[in-house]
Amino acid sequence: MSEVPVAKNAGGPAPTGEPLVVLDNVNKHFGALHVLQDINLTIRRGEVVVVIGPSGSGKSTLCRTINRLETIDTGSIGIDGKPLPQEGRELARLRADVGMVFQSFNLFAHKTVLENVMLGQTKVRKTDKATAEKKARTLLDRVGVGAQAEKYPAQLSGGQQQRVAIARALAMDPKVMLFDEPTSALDPEMINEVLEVMQQLARDGMTMVVVTHEMGFARSAANRVVFMADGKIIEEAEPNQFFNNPRSDRAKDFLSKIL
Ligand code: ADP
Ligand code: MG
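Here we summarise the structure given alongside this text. Not measured: the values here are computed from a predicted model. (Residues numbered from 1 in each chain as written. Chains lettered and ligands numbered in written order. Predicted model: local features only at pLDDT ≥ 70, side-chain atom pairs only at ≥ 80, totals over all residues. Heavy atoms only, no water.)

Taken as a whole and assessed by the stated rule, the structure comprises 17 salt bridges. For Asp 80, the salt bridge is made with Lys 175, and the minimal N-O distance between the two is 3.0 Å. Here Asp 80, found in the loop between β4 (74-79) and β5 (82-83), pairs with Lys 175, found in the loop between α5 (158-170) and β7 (176-180); they are 95 residues apart in sequence, far enough to count as distant. A relative accessible area of 27% means that Lys 175 is categorised as partly exposed. Asp 230 is paired through a salt bridge with Arg 250; the nearest N and O atoms lie 2.9 Å apart. Of the two residues, Asp 230 is situated in the loop between β9 (224-229) and β10 (232-237) and Arg 250 in helix α9 (residues 249-258); the sequence distance between them amounts to 20 residues. Using a relative accessible area of 47% as the deciding quantity, one classes Asp 230 as partly exposed. On the basis of relative accessible area, Arg 250 is assigned to the partly exposed category, the value being 36%. Counted as one network, the salt bridges with shared partners bring together Glu 18, Arg 45, Asp 80, Asp 97, Arg 125 and Lys 175. (Salt bridge = Lys/Arg side-chain N within 4 Å of Asp/Glu carboxyl O. Helix = DSSP H or I, 4+ residues; strand = E, 2+ residues; numbered from the N terminus. Buried < 20%, exposed > 50% of the residue type's maximum accessible area, 1.4 Å probe, protein only.)

Spelled out as structure tokens, the structure:
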């Protein structure tokens, strides 16, 4: 095993699973903007971490560094005991190990729902077509869109498309799932159907990092809330402690605006 430093969490509870995603002193700049500042974060197997904070605080960038959609300047990121790969096939495998669901559903518009969920399996995991299709249909059923398998994304509602995006990520058997504001682009009546799928995933033991403004989800599904502002982790705590008794003024101020 290569060396991956185990970062210390800033103050949340001590979850019991082994470290799965470890960010150690991560720094990143966009030009003059120091977008991630000394980020130390350990996500343990089976943990659900909700990341909240004001717009522009670096939440999306944090997510994107974890599957290397963004590079970092200094520090290290380890996934399951290995440093993030830099390129090539290893990187493709990492992207499969780290499932990502975005605000905009990012489905392939010219492929059917079924093909969307099969594609990564056949291309990256080298699964044969029949097996990939069977798995895709099972997952589509699981997220409640099995009847839409032959349709194209544009024929589905936003909530349905987002559930397909979740199924597509799950088809790769990811070790961890990252959700970056998965319900922010949805009409209000579709938010719950997506949150329910995520709740179920959490109950099933999936390791999850979820950037969201859905505080109900944070309260009921998160083991830990990470509060970011200005590129820093300001506070980490169990949801009840965080929402009822935030320690920092920044968190108090943020919560007073959203709750
Ligand atoms: P959040 O998701 O918390 O709203 P982001 O991670 O998207 O925050 O962005 C953090 C800061 O970095 C913002 O000021 C944003 O404008 C800036 N930023 C994000 N992506 C880029 C980029 N590719 N190039 C330059 N600046 C960026
Ligand atoms: Mg964002």
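What follows deals with the sheet that holds strand β8 (residues 207-211). On the basis of which strands lie adjacent, the open sheet formed by six strands has the order β6-β7-β8-β3-β9-β10 and mixed pairing. If you trace the sheet from one side to the other, it starts and ends with β6 (98-101) and β10, each paired once. The mean inter-strand angle of the sheet, taken between neighbouring strand axes irrespective of direction, is 20°. Sheet analysis places strand β3 (residues 48-52) next to β8, joined by four bridges and oriented parallel. Its bridge partner being in β8, Val 49 is matched across the sheet by Val 209. Along the sheet, helix α6 (residues 188-203) makes contact with β3, β7 and β8, crossing β8 at roughly 145°. (Pairing = 2+ DSSP bridges. Axes fitted to C-alpha atoms, helices over the stretch in contact; angles between N-to-C directions. Contact = heavy atoms within 4.5 Å.)

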